[in-house]
There are 2 protein chains.
Amino acid sequence: MKLILLSGGSGKRLWPLSNDARSKQFLKVLESKNGNLQSMVQRVWEQLTKIGLSESTYVATSKSQVDIIQNQIGRKDNLVVEPSRRDTFPAISLVSSYLYSVEKMNLNEVVVVLPVDPYVEDDFFEKIKNLENVINQSQADIGLIGVKPTSPSSKYGYIIPKNDLVDKDYFEVKNFIEKPNENEAKNLIDIGALWNCGVFSFRLSFIINLLEEKGFPTNYEDLILQYEKLPKTSFDYEVLERVNNIIALSYNGYWKDLGTWDAITEEMSTSQIGVGTISRDSNNSHLLNELDIPIILLGVNNLVVAASPDGILISDKAKSPSIKELVGDYNNRPMYEERRWGWYRVLDFTKTDEGNEVLTKRICIKAGKNLSYHYHNDRSETWTIIKGEGIFAHNEKLCFVKPGDVLKINEMDKHGLKALTDLELIEIQAGSQLIEDDIARLYLTWEEIEEQCYFLTK
Amino acid sequence: MKLILLSGGSGKRLWPLSNDARSKQFLKVLESKNGNLQSMVQRVWEQLTKIGLSESTYVATSKSQVDIIQNQIGRKDNLVVEPSRRDTFPAISLVSSYLYSVEKMNLNEVVVVLPVDPYVEDDFFEKIKNLENVINQSQADIGLIGVKPTSPSSKYGYIIPKNDLVDKDYFEVKNFIEKPNENEAKNLIDIGALWNCGVFSFRLSFIINLLEEKGFPTNYEDLILQYEKLPKTSFDYEVLERVNNIIALSYNGYWKDLGTWDAITEEMSTSQIGVGTISRDSNNSHLLNELDIPIILLGVNNLVVAASPDGILISDKAKSPSIKELVGDYNNRPMYEERRWGWYRVLDFTKTDEGNEVLTKRICIKAGKNLSYHYHNDRSETWTIIKGEGIFAHNEKLCFVKPGDVLKINEMDKHGLKALTDLELIEIQAGSQLIEDDIARLYLTWEEIEEQCYFLTK
């Protein structure tokens, strides 16, 4: 059995702590067993590891999230990077073609697709293990896990059984009903319906045949080139609703979709993360502050306050799911990003009267990591080292740098920086148009740089 | 007649937009007649100017507020700077000694003391003009203005008349009652009591005699040296409650003490200042945002949200007066200050593993202004010019600077900077202890610097 962990998505419902480079699954707001804070992806990875499934897991992610996922799960291989963000059907197809054509898996291999954002107990993963047997026993095309409802919620999709016999471990699926009203939901629960929690399983042959039928390549390298032609739809819509032979396994345990601030705050073990104060006469309020600026909540009730360099949300908890509609205007440059080599934070941005732009960042490069050797066409940079030591590569010359050193990098100057110890610097970019795309990489490893450049005498 | 405008105070009740260098009276949240935003001090100065009293007005202020008051009212003379913050009795005594010994005013001159924070209509200032006649007619020691109450509020002090005849323009004062309960307040209003709004007037001789009686010098230069010995109490407590011969003039018009967020927001003509969004389903909520970071209010009611680099307050409006008790912990380095030469804003602060500190600021120097020639014992500075042009003085050398120039200033290096056009720079301070007091000024005018230094050839 192989697993596909779906870790794409932008998570605008958790603005401002999530952005294009840091989706909700990377927010460290949950408590781990050792008392530290961990993210959804770290929690699910810990659970997969514990049950012995992480080695069989492939992570589907987007280009902008590769760095952070590697930092958070400490894993470099078994990542499949989507060329663009196109919903779950294309993502699942791409990883399946990778398993088939690159990893050369047997077509009878059972594949289980797992979203990254449900908050579940460990026994949920025992159910996932069971899926392999059930698929093989039942000869169904698709196997699902359904969650036994704890209330007639109108927020979820329901899996309806073909008959009302629920004494078996699983049932054959008749159809799906999306977000029924409360009365309808009550009736569905009476006939044994389950919540659809987004877990799908199938034999690899199923999806490979499907791609062939639809006229898409099954070879990974070819499919990546045609990725934009895959329908931008969900697996639910593209596959689930058109297949007859589906079974569902019942999970009777804790499950929660951590998609909105009201759901997340219910699972937080503390009411405050970051600097600030919640007054004693405030009730049922949560503060998540990633800024250095203290935040005081005074005499308020049922609020969630979330602050990052991207924005500050002050919301009634029950209203918080509708943030998605309001943030369209503020989808600007991310103010904080985790990268393969460390992180950066935007401190300031301004335009001059002449139309030039100036961007000030604080950048941290972790010991042993380096910024790749590259140059910019339209901007100069000034780096002032404030912490740590490193080696600066600049137009084929190398030199050691330390706190207090100021490095001037003109347009078209080749430059790179390796941290010998954890290194921090203030970067001031200046130019006519400061865009992330203005970077020409020279694709050299640090070893190659050291070979091709020469050290300046001190 | 001379006026003393009391503009000291720290205004912690309006945290985080007020700090030691920028009290509530400097916040630009009120709407001026031309539709721009103006501060309390600008509003009262505009009103004093209109009625022809600003030329006769002396402003009592603290050292840290001299720069901002000069910027806001465009006035350099007639400022009397308190050596330390010691309440209203010492401040009024100091300005009185200045009028007496420096300005050589006649002891019969009538002096009116005016707090800076009441929000009043223009006819309030007509009443102030009347005080001179009333003091002279009545031969009272002290003349007050009392506001005709509009409700039996228990927030204010009440001025009680000697008899219930209120047909005259003024009455003789029997006594004062502070913050009565609502029933008591009703009874006081029935006998013609007025709200005490903190306006006092007296002949100059009155306060000079009082200082002599108490054994304090009446000469300004001497009193400044003994300022710390003056009782740290209010004029109300030290004088008003011990004098029998007081009259009060009745003002029947709009008056409001703009001391708390709930009062301020009632006088704001807009519900939002700064970047952000208030959702349509939010009610009676105000947003004042001085950050570049957008703030979204979603589905909230009766909130005031105020944000500056010093902190972010999210408060129920009715609870907002109690912010004063909560901010003690956050009384740190101010993150934004207006100065004589422009302004600065702290972008970042961090400590290195070796215990050094690094502070990053964005600094703006207005065209024609300059940073004084000075040096630091324990810190180096790196200045990167990002906007505008200027002249840099550095260890007796001068050079022109422009955007992109990086200036390295080591410990003990003498340096200064004059802006030829509005000039901005990013400053990175580094040192063992970054305190504002580590500055040795050389007390040269810019003309003297240009005489004593020589220009480097470009």
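What counts and how
Residues numbered from 1 in each chain as written. Chains lettered and ligands numbered in written order. Predicted model: local features only at pLDDT ≥ 70, side-chain atom pairs only at ≥ 80, totals over all residues. Heavy atoms only, no water. Pairing = 2+ DSSP bridges. Helix = DSSP H or I, 4+ residues; strand = E, 2+ residues; numbered from the N terminus. Buried < 20%, exposed > 50% of the residue type's maximum accessible area, 1.4 Å probe, protein only. Contact = heavy atoms within 4.5 Å. Phe/Tyr/Trp six-rings, centres within 6.5 Å; stacked < 30°, edge-to-face > 60°. Lys NZ or Arg CZ within 6 Å of the ring centre and 35° of its normal. Buried area = accessible area lost by both parts, 1.4 Å probe. Salt bridge = Lys/Arg side-chain N within 4 Å of Asp/Glu carboxyl O. Polar contact = N/O pair within 3.5 Å; in protein donor to acceptor, adjacent residues only side chain to side chain. Nonpolar A, V, L, I, M, F, W, Y, C, P; charged D, E, K, R; others polar. Axes fitted to C-alpha atoms, helices over the stretch in contact; angles between N-to-C directions. Parallel < 35°, antiparallel > 145°, perpendicular 65-115°, else oblique. Left-handed = near helix turned anticlockwise from the far one by under 90°. Patch = residues over 30% accessible without salt bridge, like charges linked within 9 Å, V, L, I, M, F, W, Y side chains within 5 Å. Areas by Shrake-Rupley, 256 points an atom, 1.4 Å probe, with all protein chains shown as cover. Lys, Arg positive; Asp, Glu negative; His and termini not counted. Charge placed at Lys NZ, Arg CZ, Asp CG, Glu CD. Least-squares fit on C-alpha atoms with pLDDT ≥ 70 in both.

**Q** Would you explain the sheet that holds strand β30 (residues 440-441) of chain B in this entry?
**A** Consider a sheet: its strands pair through backbone hydrogen bonds, and that pairing is either parallel or antiparallel. Pairing within the open sheet is mixed, and its 6 strands lie in the order β30-β23-β28-β25-β26-β31 (chain B). In this open sheet, the two edge strands, each paired with only one partner strand, are β30 and β31 (454-455) of chain B.

**Q** Sorry if this is basic, but what is going on with the sheet that holds strand β18 (residues 303-308) of chain B here?
**A** A sheet is described by the order of its strands in space; here 6 strands give the open sequence β15(A)-β17(A)-β19(B)-β18(B)-β16(B)-β14(B), paired in mixed fashion. Edge positions in the sheet fall to β15 (276-278) of chain A together with β14 (272-273) of chain B, since each has one partner strand and no second.

**Q** Sorry if this is basic, but what is going on with the environment of L48(A) here?
**A** Residues and elements named next belong to chain A. In this structure, L48 sits in helix α1 (residues 40-50). For L48, a relative accessible area of 0% gives the class buried. For the pair formed by L48 and L434, sequence separation is 386 residues and the distance between their alpha carbons is 41 Å. Excluding residues within four positions of it along the chain, L48 makes contact with L3, L53, S54, T57, L114 and F125.

**Q** Is there a simple way to explain the packing of aromatic side chains in this structure?
**A** Between two aromatic rings, the relevant description is the distance of the centres plus the angle of the planes. Residue and element names in this part refer to chain A. Taken as a whole, this structure holds 28 aromatic pairs over all chains when the rule is applied. Plain terms: the ring middles of Y156 and W195 are 4.6 Å apart, the flat faces sit at 55 degrees to each other, and that makes the pair tilted. Residue Y156 is located in the loop between β8 (142-147) and β9 (157-161), and its partner W195 is located in strand β11 (residues 194-203); the two are separated by 39 residues in the primary sequence. Assessed through its relative accessible area of 14%, Y156 is described here as buried. Ring geometry for F200 and F235: centres 4.7 Å apart, planes at 35 degrees, overall tilted. Here F235 lies in helix α8 (residues 235-238) and F200 lies in strand β11, a separation of 35 residues in the sequence. When sorted by exposure, F200 lands in the same class as F235, which is buried. Put simply, the rings of F200, F202, F206 and F235 touch in pairs and so form one group of aromatic residues. One Lys or Arg, R242, reaches over the ring of Y237 and ends 5.4 Å from the middle of that ring.

**Q** Quick question: what am I supposed to make of the interface of chain B and chain A here?
**A** For interface size, the figure often reported is the accessible area lost on association. Contact with chain B, which involves 52 residues of that partner, is made by 52 residues of chain A. Both sides of the chain B and chain A interface together cover about 4,200 Å² of buried area, and 67% of this is carbon and sulfur. Summed over the shared surface of chain B and chain A, the result is 4 salt bridges. Ionic pairing is found between K319(B) and D281(A), a salt bridge with its closest N-O pair at 3.4 Å. One can count 22 residue pairs in polar contact (both at pLDDT 80 or more) joining chain B with chain A. In terms of residue count, strand β19 (residues 311-316) of chain B provides more of the side of chain B that touches chain A than any other element does, 6 residues in total. Taken together, the residues of the side of chain B that touches chain A break down into 27 nonpolar, 15 polar and 10 charged. The pairing of strand β17 (residues 295-298) of chain A with β19(B) spans 4 bridges and is parallel.

**Q** Any chance you could explain unusual backbone geometry here in plain terms?
**A** Glycine aside, residues mostly have negative phi angles, and peptide bonds mostly take the trans form. Omega for the bond connecting W15(A) with P16(A) falls within 30 degrees of zero, at 5 degrees, which places this linkage in the cis form. Mapping P16(A) onto the fold places it in the loop between β1 (2-6) and β2 (30-31). Phi is positive for Q139(B), which is not a glycine, with a value near 60 degrees. Take Q139(B): it is sitting in the loop between α4 (123-138) and β8 (142-147).

**Q** What's the story with the environment of D348(B) in this structure? I'm lost.
**A** For D348(B), the position within the fold is in strand β21 (residues 342-351). You can call D348(B) buried: its relative accessible area is 3%. Sequence separation between D348(B) and I428(B) is 80 residues, and the spatial gap between their C-alpha atoms is 9.3 Å. Residues within four places of D348(B) in sequence aside, it is in contact with D292(A), L347(A), R362(A), I426(A), V358(B), L359(B) and T360(B). A distance of 2.9 Å separates the side chain of D348(B) from the side chain of R362(A), its partner in a polar contact.

**Q** How should the packing of α1(A) against helix α2 (residues 66-73) of chain A be read in this particular structure?
**A** In helix packing, the relevant descriptors are the interaxial angle and the interaxial distance, both defined with respect to the helix axes. Residues and elements named next belong to chain A. In the contact formed by α1 and α2, the axes pass within 10 Å of each other and the chain directions differ by 50 degrees. As far as their axial angle goes, α2 and α1 are oblique. α2 is crossed by α1, and the crossing has right-handed handedness. Taking contact as the criterion, the partners of V41, Q42 and W45 in α1 are, on α2, I69, Q72 and I73. Partitioning the contact of α1 with α2 into residue classes produces 4 nonpolar, 2 polar and no charged.

**Q** Is there a simple way to explain the side chain of T384(A) in this structure?
**A** Inspection of the secondary structure assignment puts T384(A) in strand β24 (residues 379-387). Beyond its immediate chain neighbours, meaning those up to four positions away, T384(A) contacts D405(A), V406(A), E424(A), L425(A), I426(A), T382(B) and I428(B).

**Q** What is the right way to look at a positive patch on the surface in this model?
**A** Positive charge collects at one region of the surface, where K63(A), K76(A), R340(A) and R441(A) lie side by side. Inspection of the secondary structure assignment puts K76(A) in the loop between α2 and β5 (79-82).

**Q** What is the right way to look at the relation of the copies chain B and chain A in this model?
**A** The operation linking the two copies of the chain is a rotation about an axis combined with a translation along the axis. Overlay of chain B on chain A (RMSD 0.1 Å): rotation 180 degrees, translation along the axis 0.1 Å. The symmetry that links the two subunits is that of a two-fold axis. Nearest to the rotation axis, the C-alpha of L347(B) is located 2.9 Å from it, this being the minimum over chain B. Counting the interface residues of chain B, we find that 100% of their copies in chain A are interface residues as well, pointing to one common contact surface.

**Q** Please clarify how the environment of G404(B) should be interpreted in this entry.
**A** Relative to the helices and strands, G404(B) resides in the loop between β26 (397-401) and β27 (406-409). It is 9.9 Å that separates the C-alpha atoms of G404(B) and W383(B), two residues lying 21 residues apart in sequence. Those residues within four positions of G404(B) in sequence are excluded, and the remaining contacts are K408(A) and I385(B).

**Q** For this particular structure, what's the right way to read the pairing of strand β10 (residues 170-178) of chain B?
**A** Two faces belong to every sheet, and in a regular strand the side chains alternate between them. Residue and element names in this part refer to chain B. Direction of pairing for strand β9 (residues 157-161) relative to β10: antiparallel, over a ladder of 5 bridges. Bridged to P161 within β10 is V173. Summarising the sheet, β10 and strand β12 (residues 246-251) pair through 3 bridges and their orientation is antiparallel. The partner of Y170 across the bridge, within β12, is L249.

**Q** It is not clear to me how a negative patch on the surface should be interpreted in this structure. Could you clarify?
**A** Together, D353(A), E354(A), E389(B) and D422(B) line one region of the surface with negative charge. Residue position: E354(A) is located in the loop between β21 (342-351) and β22 (357-365).

**Q** It is not clear to me how the packing of helix α3 (residues 88-102) of chain B against helix α6 (residues 204-213) of chain B should be interpreted in this structure. Could you clarify?
**A** Residue and element names in this part refer to chain B. Where α3 meets α6, the closest approach of the two axes is 10 Å, and the angle between their N-to-C directions is 110 degrees. Put simply, α3 runs roughly perpendicular to α6. As α3 packs across α6, the resulting crossing turns out to be left-handed. Seen from α3, the contacting residues are F89, I92, S93, S96, S97, L99 and Y100; seen from α6, they are L204, I207, I208, L210 and L211. Of the residues assigned to the contact of α3 with α6, the class counts are 9 nonpolar, 3 polar and no charged.

**Q** How should a nonpolar patch on the surface be read in this particular structure?
**A** Residue and element names in this part refer to chain A. Together, F400, L420 and F455 give the surface a local cluster of nonpolar side chains, amounting to about 270 Å² of exposed area. Along the polypeptide, F400 turns up in strand β26 (residues 397-401). When its relative accessible area of 42% is taken as the criterion, F400 is described as partly exposed.

**Q** Can you walk me through the side chain of S308(A) in this structure?
**A** All names here are of chain A. When you line up the elements, S308 lands in strand β18 (residues 303-308). Residue S308 is classed as buried on the basis of its relative accessible area of 1%. For S308, the side chain forms a polar contact with the main-chain oxygen of P16, separated by 2.9 Å.

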